[in-house]
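# A structural walkthrough
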Amino acid sequence: MEQALQVLPQSPIVQFTILLLVILTIPPIFERLQLPGLVGLLVAGVVLGPHGIKILSEKTETMKLLSDIGKIYLMFVAGLEIDLQEFSKTKNRALGFGALTFILPLLMGMSVGRLFGYGWNASILIGSLLASHTLLGYPIIQRLGVVRNQAVTVTIGATIFTDIAALLVLAICVSIHGGEFSPTVLAIQLAALAIYAAIVLFGFDWAGKEYFRRTGDEQGNQFLFVLLALFLASVGAQIINVDKIVGAFLAGLAVNDAVGNGPVKEKVEFVGGVLFIPFFFVGMGLLLNIPAFMDTLTSEFGLTLGIVGGLIISKFVASLITKLLYRYNWNETLTMWSLSMPQVAATLAAALAGLQAVNPAGESLLSDAVFNTVIVLMLVTSLLGPLLTERFASKLPLPKANLETATSAIWWESREPRFDEILMELDEESPPFTVVVPVYNPLTERYLIETAALLARHESGVIVPLSIAKAHVHMDEPQLNGALKQSRRLLDRALEVSQEFNASAKPELRIDDDVAEGISRTAREQHASLIIMGWSETTGLRARLFGNVIDSVFWSSHCPVAVMRLLDKPINLHRILVPVKNLTPQAVRVVQFAELFANTHQAEVTLLHVCDRRTPPEQIAQFESQISNILSKVAPSLESTIKTIAHDDVARVILKAAQSFDMVILRSVRRRTAGGLAVSDVTTQVVKELTCSMVLFGEPHS
């Protein structure tokens, strides 16, 4: 028994189980203490590692593999999340700020390294560690609605330049450290790196687009293709003697266009954020020697202060020069500074690569003191940066959205007519307002059909109750016959409800392999203006990995989708709350849907805008004036009230306000991550805790 207990911790299965337990339990505890979850993973690594209770070791093959995968996955997601379209809009200014916020910290880090006795190669690498940045503040600016502010988009675009440049410096420094330096060797290395980067960026981009085009909705194979691209690029980087994180980042940029913001990207980020990236941070904790770490803070305090202070000062100077060049105001300048300050993804991955880079003499490129200082740098900047972003970004004016296309007509009339509709108009009248209602749950069917009937009757349209029987290999299977009988019963009941409301109905029965695809295809065939679905509570691991029917319909549908959880008859829902974050075409179309629903039975709508506590009163007044002006154009018949509340907890305000309303209409917003780590989402929290009826309104992806 004792022998088994001694051998047990060395088992790969046991190590993996311990890691899963840590990832599941530790981050939520630290987040409750208002600390980043990744700090908890680092602490767990220290406690469980060789300098703690010695359950895990960074020297085992299991930890080496999982930590390496986490490291390259972190850089891959960092490349995958960069918005290339936003970069192209302000590329000149982004390159200008990117060059400044790269070169100045690089020079500062080199100076600090030389001052404390490090060689030129190590000093240059120390400088490159300060030159990149991680957009930890992105969820904050997204919540505040200032993502489209030019200073913000310039900072986001600069991430591409700083990360690529920092990783190139790392590649060259590691190469020089591993062999004898000569101009010829350096030239060959740079040429190999240029050829490799071109193959990855252009070859993988073409292959990704072609593969995604040919495979359509085969999300499983597309997910595997993305993983293959990641590991192929990492292996290729090692072949040319470049650190694998360089290849991972380039692979993320390369498949960015092909993946887009669809379900495959969500699955890639989910797997990374839940499994592999946390493994990396636990592995970082295993490397931390607490006595040596404390010694660094005392005996090497000057080095720590020089690197941390040098980063903060150099990033500020870069933002200040950008202010003078492009005439940004102080709030924009300080927001750029705070966004470019956090050092997490590229910095930690590069620091670990430098620590593990050993020359033939057995010397590491970076010392333990520098590695420990980088941990301090990460902790300080990951806490200070988002705090400053919250403070300064809240004072930025909300950018004016281009709402011309959104205010020209209601959503089902604002799109370009399809070719088949043009032919139909030549032949006969254009298709009426059509609502497709998939019916599969007898308990929720009636309220959904009643809602669709109210909407269709108001617009002189038609309902298409839809029931889908899952296909079998043999069409005479008894299970299929039973499913068809159940479907016919559901459709008969839907027809009866439609007749009660004097609404025209056209039931559809379909046999299909995939329920979500059957719904989307039927909606397209019927020229649907809207799909109404019942709410599903499927939010477990399988749903997160493979998606549920609602996710798939949201993704593939050509028209808006309204997912409803109705606790009362729709005709009894008279007080409707619509949270409005900022003025975008998408937000306007949610208001249009609220108007349509309210007009069917004379309900009242309240628009709720939750702004930051530090928002100036004149900015609040300006927002209310703009939204009133838009409402007069897009929803002239809507009886509405605009209410603004200044508070930091948006979800809590919505939930409290919802207690006085019969229904809340929310806009479906896809989750994003920062640095590969999942971030909280207001909509998710509200949906989870809401006690009244609810509609989740989502638009087609395209």
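All figures in this text were calculated on a predicted structure; none of them were measured in a lab.

## Considerations on the overall build of the chain
Of regular secondary structure, the chain possesses 31 helices and 13 strands. Counting across all 702 residues of the chain, residues that qualify as buried make up 54%. Sequence separation of at least 24 residues holds for 81% of the intrachain contacts in the chain that already meet a minimum separation of 6. Summing over all exposed atoms, the chain offers an accessible surface of approximately 31100 Å²; the carbon and sulfur share of this is 59%.

## Considering the pattern of salt bridges
Tallied over the full model, the rule gives 9 salt bridges. A salt bridge links Arg446 to Glu500, with the nearest nitrogen and oxygen atoms 2.6 Å apart. You can see Arg446 sitting in helix H23 (residues 442–458) and its partner Glu500 sitting in helix H24 (residues 478–500), a full 54 residues away along the chain. Overall, the relative accessible area of 27% leaves Arg446 in the partly exposed class. Between Glu517 and Arg521 there is a salt bridge; the shortest N-O distance is 2.9 Å. Linking Glu517 with Arg521, this pair stays in helix H25 (residues 515–525), spanning 4 residues, or about one helical turn.

## A closer look at the packing of helix H15 (residues 290–299) against helix H19 (residues 368–393)
Close contact between H15 and H19 brings their axes to 9 Å; oriented N to C, the two are set at 80°. One finds that H15 runs roughly perpendicular with respect to H19. Counted together, Ala292, Phe293, Thr296 and Leu297 of H15 and Ala369, Asn372, Thr373, Ile375 and Val376 of H19 form the full contact between these two elements. Split into classes, the residues belonging to the contact of H15 with H19 amount to 6 nonpolar, 3 polar and no charged.

## What to know about the environment of Leu228
When you line up the elements, Leu228 lands in helix H11 (residues 219–239). Between the C-alpha atoms of Leu228 and Ala251, which are 23 residues apart in sequence, the distance is 9.9 Å.

## Things to note about the packing of helix H4 (residues 61–80) against helix H12 (residues 244–254)
The N-to-C vectors of H4 and H12 enclose an angle of 35°; their axes lie 7 Å apart at closest approach. Crossing of H4 against H12: the hand is right-handed. The segment H4 lies against H12, with Asp68, Lys71, Ile72, Met75, Phe76, Ala78, Gly79 and Leu80 engaging Lys244, Ile245, Ala248, Phe249, Ala251, Gly252 and Leu253. A class-by-class count of the residues in the contact of H4 with H12 yields 10 nonpolar, 2 polar and 3 charged.

## Here's the deal with the pairing of strand S6 (residues 561–565)
S6 sits mainly inside the fold: 5 of its 5 residues count as buried. Here S6 shows no split at all, with Val561, Val563 and Arg565 on one side and Ala562 and Met564 on the other all buried. Examined bridge by bridge, strand S5 (residues 530–534) and S6 share 4 bridges and lie parallel to one another. Across the sheet, residue Gly534 finds its bridge partner in S6, namely Met564. Here S6 pairs with strand S13 (residues 693–698) via 5 bridges, running antiparallel. Within S13, the position partnered with Val561 by the bridge is Gly698.

## What to know about the nonpolar core
By size, the foremost hydrophobic cluster in this structure holds 112 residues, and its most contacted members are Tyr73, Phe76 and Leu348. In this structure, Leu348 is in contact with Phe280, Phe281, Met284, Val374, Ile375 and Met378, ignoring residues within four places of it in sequence. Counting 48 residues, the second-largest nonpolar core is a separate cluster that includes Val437, Ile449, Leu566 and Ile630.

## Here we look at unusual backbone geometry
A negative phi angle is the norm for most residues apart from glycine, just as the trans form is the norm for most peptide bonds. Phi angles above zero are rare outside glycine, and Arg327 is one such case at about 60°. Its location among the elements puts Arg327 in the loop between helix H16 (301–326) and helix H17 (330–339). Since its relative accessible area comes to 76%, Arg327 is described here as exposed. One non-glycine residue with positive phi stands out, namely His527, at about 55°. With respect to the helices and strands, His527 occurs in the loop between H25 and S5.

## Comments concerning H4
In a regular helix each residue adds 1.5 Å, so 20 residues correspond to 28 Å; H4 covers 28 Å between its end C-alpha atoms and thus fits that length. Counting buried residues along H4, 16 of its 20 residues qualify, which places the element largely inside the surrounding structure.

## Topic: the packing of aromatic side chains
Applying the stated criterion across every chain yields a total of 9 aromatic pairs. Seen from their ring centres, Phe276 and Phe279 are 6.3 Å apart, and the 70° between their planes marks the pair as edge-to-face. In this pair, Phe276 and Phe279 both sit in helix H14 (residues 263–287), 3 residues apart, roughly one turn of the helix. Pairing Phe316 with Trp337 gives two aromatic rings, centres 5.4 Å apart and planes at 75°, and the pair type is edge-to-face. Of this pair, Phe316 sits in helix H16 while Trp337 sits in helix H17, placing them 21 residues apart in sequence. Taking the relative accessible area as the measure of exposure, Phe316 reaches 27% and is therefore partly exposed. Members of the aromatic cluster, each reached through a chain of ring pairs, are Phe16, Tyr73, Phe76, Phe276 and Phe279. It is Lys323 that lies over the ring of Trp330; its NZ or CZ is 5.0 Å from the centre.

## Some points on a nonpolar patch on the surface
Taken together, the side chains of Ile29, Leu33, Leu35 and Leu383 define a hydrophobic patch exposed on the protein surface, amounting to about 350 Å² of accessible area. When you line up the elements, Leu383 lands in helix H19.

## As for the side chain of Asp512
Inspection of the secondary structure assignment puts Asp512 in strand S4 (residues 508–512). For Asp512, a relative accessible area of 8% puts it in the buried group. A polar contact is formed between the side chain of Asp512 and the backbone nitrogen of Asp514, at a distance of 3.2 Å. Once residues lying within four places of it in the same chain are set aside, the contact partners of Asp512 are Ile468, Ala469, Lys470, Ala471, Glu517, Gly518 and Arg521.

## Describing the confidence of the model for the chain
Confidence in the prediction of the chain, expressed as mean pLDDT, is 78, and 85% of residues score 70 or more. The low-confidence segment residues 414–427, where pLDDT is below 50, has 15 contacts with residues more than four positions distant or belonging to other chains. Across residues 539–547, confidence stays below pLDDT 50; counting only partners more than four residues off in sequence or on other chains, it has 14 contacts.

## With respect to the environment of Pro386
Tracing the backbone through its elements, the reader meets Pro386 in helix H19. When its relative accessible area of 17% is taken as the criterion, Pro386 is described as buried.

## So, the side chain of Ser123
Of note, Ser123 is situated in helix H7 (residues 120–131). Residues in contact with Ser123, not counting those within four places in the same chain, are Gly109, Met110, Gly113, Arg114 and Tyr118.

Cut-off values and rules
- Residues numbered from 1 in each chain as written.
- Predicted model: local features only at pLDDT ≥ 70, side-chain atom pairs only at ≥ 80, totals over all residues.
- Heavy atoms only, no water.
- Helix = DSSP H or I, 4+ residues; strand = E, 2+ residues; numbered from the N terminus.
- Buried < 20%, exposed > 50% of the residue type's maximum accessible area, 1.4 Å probe, protein only.
- Contact = heavy atoms within 4.5 Å.
- Areas by Shrake-Rupley, 256 points an atom, 1.4 Å probe, with all protein chains shown as cover.
- Salt bridge = Lys/Arg side-chain N within 4 Å of Asp/Glu carboxyl O.
- Axes fitted to C-alpha atoms, helices over the stretch in contact; angles between N-to-C directions.
- Parallel < 35°, antiparallel > 145°, perpendicular 65-115°, else oblique.
- Nonpolar A, V, L, I, M, F, W, Y, C, P; charged D, E, K, R; others polar.
- Left-handed = near helix turned anticlockwise from the far one by under 90°.
- Pairing = 2+ DSSP bridges.
- Core = buried A, V, L, I, M, F, W, Y, C linked by side-chain atoms within 4.5 Å.
- Expected span 1.5 Å × (residues − 1).
- Phe/Tyr/Trp six-rings, centres within 6.5 Å; stacked < 30°, edge-to-face > 60°.
- Lys NZ or Arg CZ within 6 Å of the ring centre and 35° of its normal.
- Patch = residues over 30% accessible without salt bridge, like charges linked within 9 Å, V, L, I, M, F, W, Y side chains within 5 Å.
- Polar contact = N/O pair within 3.5 Å; in protein donor to acceptor, adjacent residues only side chain to side chain.
- pLDDT = per-residue confidence, 0-100.

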